[in-house]
Amino acid sequence: MDKKIVIQIPTWLGDAVMATPAIENIIGHFGDDYKYIILGSNVSVKIFEFHPKISQIIVDDTKKGGFRYLNIYNLAKSFGRVDTFFSFRRSFSARILQFFVNTKRKYGYKRLTSEQIHLVLRYNDFVNHSLKTNYKAGDLKIYTKSSPIKIGVPKSGTPDLSGLKNSSLSPKLLGLNPGATYGSAKRWYPKEFALTAKELSKDYDILIFGGPTEVEQAGEIEKYLQEFGVTNYTNLAGKTTVTELIEYIKNLDLFITNDSGPMHLAAAFKIKTVAIFGPTKHIETHQWNNPNEIIIRKEIECAPCMKRVCPLSHHNCMKQIKSSDVLERL
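These numbers come from a predicted model, not from an experiment. (Residues numbered from 1 in each chain as written. Predicted model: local features only at pLDDT ≥ 70, side-chain atom pairs only at ≥ 80, totals over all residues. Heavy atoms only, no water.)

(A) Focus on the overall build of the chain. Regarding its fold elements, the chain presents twelve helices and eleven strands. For 330 residues, the compact-globule formula gives about 20 Å, and the C-alpha radius of gyration of the chain, at 21 Å, lands near that figure. Summarising its shape, the C-alpha atoms of the chain cover approximately 65 × 50 × 40 Å along the three principal directions. The burial tally for the chain puts 52% of its 330 residues in the buried class. (Helix = DSSP H or I, 4+ residues; strand = E, 2+ residues; numbered from the N terminus. Rg over C-alpha atoms; globule rule 2.2 N^0.38 Å. Buried < 20%, exposed > 50% of the residue type's maximum accessible area, 1.4 Å probe, protein only.)

Okay, here's the thing in structure tokens:
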């Protein structure tokens, strides 16, 4: 019978990416004699799609239909006998799942220090504490297709990942990411994104990213670019899967982004990134081990507040950041 290790990963894409060094240490610790199962949201599990050591990926859909806690019970029992269970979540539902998993070795994530440290280190400390080890946190790790897809700039319709980016003959690629799933307080302004892209459009073709709920912000950037006479852009918001997004981001030459999941995807490939921070703690969630990161933020009294929406209604932590602040750092 296979010895199974089930790993419940964080719900949010960025948090899941930041858990990858700790997960690599789990796999390195137990070795090849185990079957590794990843459990997570339909978004976060996508970063493990091509991982050579992951045997199975399970999407947690226990919120869909019926009584959720019965669904959680059934999910736990579906694993069968498990050698070890790790959960990188602190929610009540995660604790319920952990209770019902059939194993004597189960570990639930805890914050082990009140000190302000990077989330990568928190996750890695959790693993070390659980296993009584002292592994260091390595780089973020996302495996992609063995034959990497090179991309060009699709001009309309559904993105086409089969086009080629022909090295020095093609313009460089600039990615813009105006979204942030956590809340509006983390979002820089579309006009400032567009003003920045206008100045860079002479040297870069432009890709605008965004999930299904971020189409509006991306559309505003597109509107401004049209007003500025910029034509070498493609709006990909709402048109890419997470797998496709990863392929696009890893081919960028420059990425300008809010504190978000895609920001951490870029960190995994050490893409040159301008990371714009307002209400969140850059010390805890900036790009991990990316020497090409440029952090833009303003020192104001009320930041970081960690709120989804500005509680003071002025949003100065983002409003005071201008296109010129970005351009002068490039």
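(B) Structural detail: the nonpolar core. Ranked by size, the top nonpolar core spans 49 residues in total, and within it I47, F88, F209 and L265 carry the most contacts. Listing elements by their share of this core, those giving two or more residues are β1 (3-8), α1 (13-18), α2 (20-30), β2 (34-40), α5 (119-131), α8 (242-250) and α9 (261-268). The dominant element in this core, judged by the number of residues it contributes, is α5, at six residues. Sequence-distant contacts of F88, that is, excluding residues within four places in its chain, are made with I7, Q8, I9, P10, A19, A22, I23, I26, Y109, Y123, F126 and V127. (Core = buried A, V, L, I, M, F, W, Y, C linked by side-chain atoms within 4.5 Å. Contact = heavy atoms within 4.5 Å.)

(C) Quick peek at the sheet that holds strand β3 (residues 54-59). Across the sheet, which stays open at both edges, the five strands sit in the order β3-β2-β1-β4-β5 with parallel pairing between neighbours. Looking at strand neighbours, the two that pair on one side only are β3 and β5 (105-108), the edges of this open sheet. Going across the sheet, the axis of each strand differs from the next one's by a mean of 15 degrees, ignoring polarity. Alignment of β2 against β3, held across five bridges, turns out to be parallel. Bridge pairing in β3 places G40 opposite V59. Sitting on the sheet, α5 is in contact with β4 (84-87) and β5, with an inclination near 150 degrees to β4. (Pairing = 2+ DSSP bridges. Axes fitted to C-alpha atoms, helices over the stretch in contact; angles between N-to-C directions.)

(D) Looking closely at the packing of helix α6 (residues 190-200) against helix α7 (residues 215-227). Viewed as axis vectors pointing N to C, α6 and α7 meet at an angle of 45 degrees, and their least axial separation amounts to 8 Å. By the angle class used here, α6 and α7 are oblique. Judged by the sense of rotation from one axis to the other, the crossing of α6 with α7 is right-handed. In this structure, α6 uses P190, K191, F193, A194, A197 and K198 to contact α7, whose residues at the interface are Q217, E220, I221, Y224 and L225. (Parallel < 35°, antiparallel > 145°, perpendicular 65-115°, else oblique. Left-handed = near helix turned anticlockwise from the far one by under 90°.)

(E) Representation of the sheet that holds strand β11 (residues 293-296) within the structure. Read across the open sheet, the six strands follow the order β8-β7-β6-β9-β10-β11; overall the sheet is parallel. In this open sheet, the two strands that pair with only one neighbour each are β8 (233-235) and β11. Neighbour-to-neighbour, the strand axes of the sheet open up by a mean angle of 15 degrees, direction not taken into account. Strand direction decides the pairing type here: strand β10 (residues 273-276) and β11, joined by four bridges, are parallel. Bridge assignment links I276 to a residue of β11, and that residue is I296. Strands in contact with α7 are β6 (172-177), β7 (204-208) and β8; relative to β8, the strand with the most contacts, it is inclined by about 155 degrees. Relative to strand β9 (residues 254-258), α9 is tilted by about 150 degrees, and along the sheet it contacts β6, β9 and β10.

(F) Highlighting α5. Taking 1.5 Å as the rise per residue, α5 with 13 residues should run 18 Å; its terminal C-alpha atoms sit 19 Å apart, in good agreement. For α5, a buried count of ten out of 13 residues is recorded, marking the element as mostly surrounded by other parts of the structure. Listed as buried for α5 are L119, V120, R122, Y123, N124, F126, V127, N128, S130 and L131. For α5, the elements touching its buried residues are α1, α2, β4, β5 and α10 (282-285). Downstream of α5 by one or two residues, K132 has phi in the positive range, about 60 degrees. (Expected span 1.5 Å × (residues − 1).)

(G) Broad picture of the side chain of E192. Mapped onto the elements of the fold, E192 is located in helix α6. In this structure E192 is buried but unpaired, with K322 as the nearest side chain of opposite charge at 4.1 Å. A distance of 2.8 Å separates the side chain of E192 from the backbone nitrogen of S323, its partner in a polar contact. Ignoring any residue separated from it by four or fewer positions in sequence, one finds E192 in contact with I321, K322 and S323. (Lys, Arg positive; Asp, Glu negative; His and termini not counted. Salt bridge = Lys/Arg side-chain N within 4 Å of Asp/Glu carboxyl O. Polar contact = N/O pair within 3.5 Å; in protein donor to acceptor, adjacent residues only side chain to side chain.)

(H) View of the pairing of β2. Across the seven residues that make up β2, a large majority, six, are buried. With six bridges joining them, β1 and β2 adopt parallel strand pairing. Across the sheet, K4 pairs through a bridge with K35, a residue of β2.

(I) Spatial organisation of the state of the cysteines. This model, assessed by the stated rule, comprises zero disulfides. With no disulfide of its own, C310 has C317 as its nearest cysteine by sulfur position, at a separation of 6.3 Å. (Disulfide = S-S within 2.5 Å.)

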